[in-house]
Amino acid sequence: MKIIKWGILGTGRIAGKFASDLQYAEGCELIAVGSRTKQSADKFAAEFDVKYSHASYDELVQNPEVDVIYIATPHNLHYENTLLCLNNHKAVLCEKPFAINTRQALAMINLAMEKKVFLMEALWTKFHPHYIKTMEMVQQGLLGEIKAVLANFGFKPLAPVNPRLFDPALGGGTIMDIGIYNVFLAISILGKPNHIDAVMTPAATGVDEQCAILFRYKNGAMAQLFSTFTSNLATDADICGSNGRIRLTSKFYEPSATIEFYEGRDAPKQLIPVHKEEGTGYQYEARHVNECLRNGLTESPVISFADTILMMETLDKIREAAGVRYPADSWI
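Rules behind the numbers
- Residues numbered from 1 in each chain as written.
- Predicted model: local features only at pLDDT ≥ 70, side-chain atom pairs only at ≥ 80, totals over all residues.
- Heavy atoms only, no water.
- Helix = DSSP H or I, 4+ residues; strand = E, 2+ residues; numbered from the N terminus.
- Rg over C-alpha atoms; globule rule 2.2 N^0.38 Å.
- Buried < 20%, exposed > 50% of the residue type's maximum accessible area, 1.4 Å probe, protein only.
- Contact = heavy atoms within 4.5 Å.
- Phe/Tyr/Trp six-rings, centres within 6.5 Å; stacked < 30°, edge-to-face > 60°.
- Lys NZ or Arg CZ within 6 Å of the ring centre and 35° of its normal.
- Polar contact = N/O pair within 3.5 Å; in protein donor to acceptor, adjacent residues only side chain to side chain.
- Salt bridge = Lys/Arg side-chain N within 4 Å of Asp/Glu carboxyl O.
- Pairing = 2+ DSSP bridges.

1. Some details on the overall build of the protein
- If you tally the helices and strands in the protein, you get 9 helices and 14 strands.
- Computed over the C-alpha atoms, the radius of gyration of the protein is 20 Å, within 12% of the 20 Å expected from 2.2 N^0.38 for a compact globule of 332 residues.
- Dimensions of the protein along its principal axes, counting C-alpha atoms only, are 60 × 45 × 40 Å.
- Residues counted as buried form 54% of the 332 residues belonging to the protein.
- The contacts of the protein with a sequence gap of at least 6 include a subset with a gap of at least 24, amounting to 67%.

2. Some words on the packing of aromatic side chains
- Counted by the stated rule, this structure contains 13 aromatic pairs.
- Aromatic side chains Phe153 and Tyr253 sit 4.5 Å apart centroid to centroid with 20° between the ring planes, which places their arrangement in the stacked category. Separated by 100 residues along the polypeptide, Phe153 in strand 7 (residues 146–154) and Tyr253 in the loop between strand 12 (245–248) and strand 13 (259–262) bring together distant segments of the chain. The same class applies to Phe153 as to Tyr253, namely buried.
- Site record: aromatic cluster; members linked through ring pairs are Trp6, Phe18, Tyr70, Trp124 and Tyr282.
- The aromatic ring of Tyr284 is capped on one face by Arg287, whose charged end is 5.6 Å from the ring centroid.

3. Observations regarding the side chain of Asp236
- Secondary-structure assignment places Asp236 in the loop between strand 10 (222–228) and strand 11 (237–241).
- At a separation of 2.9 Å, a polar atom in the side chain of Asp236 contacts the side chain of Arg247.
- Apart from the residues lying within four places of it in its own chain, the contact partners of Asp236 are Leu150, Ala151, Asn152, Arg247, Leu248, Thr249, Ser250 and Phe252.

4. Topic: the pattern of salt bridges
- Summed over all chains, the structure comprises 16 salt bridges.
- With a shortest N-O distance of 3.8 Å, Asp67 and Lys2 are connected by a salt bridge. With Asp67 in the loop between helix 3 (57–61) and strand 4 (68–71) and Lys2 in the segment before strand 1 (4–9), the pair connects residues that are 65 residues apart, well separated along the chain.
- One salt bridge connects Arg287 with Glu277, and the closest N-O pair in it is separated by 3.0 Å. Separated by 10 residues along the polypeptide, Arg287 in helix 8 (residues 283–294) and Glu277 in the loop between strand 14 (269–272) and helix 8 bring together distant segments of the chain.
- Connected through salt bridges with shared partners, the residues Asp236, Arg247, Glu260 and Lys269 form a single ionic network.

5. Quick notes on the pairing of strand 14
- Relative to strand 14, strand 13 is paired through 4 bridges, and the arrangement is antiparallel. Bridge pairing links Ile259 to Ile272 in strand 14.
- Here strand 13 folds back onto strand 14 in antiparallel fashion, the turn holding 6 residues, of which Gly264 has a positive phi close to 95°.

Honestly, it's all geometry; don't read function into it.
Below is the structure:
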């Protein structure tokens, strides 16, 4: 089996989690990290026993031993970082949100197709056992016709507050940072909405510190989605059908979530067993990328380019409805 050799672009918190979880993804090795400073790259390399420590992103993408690069930089850098990797013929797993807007996402996907290089959005939840089991239950009709999806995601940032969360130049606000998980769940269950309503409470910078979203569908189904940086929410989700309901408990987007199934109005709670692994949960998407690369694929069959474009188009429409604008949206 070919050993897939990974590089990580960026050295922040999420990069560390991904690096730690790669040990649970069989048949791969983390061999390189790239940062904007030598000090940061060296510190990360020492912590995770990485062979190559690169003081620039250019050095990382030019490393001939690297097969694929995980992009773990802030939202606003995903576009330029991905283009840099693709232009150097490096496969890419790009952290969510894939880009700031649809225009950027299309440019990234078009370049990947032109270069025939693998590219995938890192929406990790889609590979988690609890999500896969939930989708199986929905598709088997155990809930009947789906009537509603309710999802909440919110936390109050601890001091000192990371300025990235509220900076419009960095894609700040709840919609792109955490609301994307609510949107992902609704689209997974109900598909593309026929109508989108969204209202937000603006932070001093103009981005949303709270956002309430309503998806409406021609068949009468609805999705009610709420995200906030002003208070700590339970961060759970309900999928409601004509014959039953699934509740995904706290941190519904992580593999630690529990599936509660309620069959009928007064039925007792059923806990649905799901396989749990060590690690945070990034190993699942890494395994999938490894498999895609070994099979010579340039597009994931699980998170397709069409999936990513639908997500970005939906996020654009939400921000338009709510009145959230970024400098990168000057083209609109």
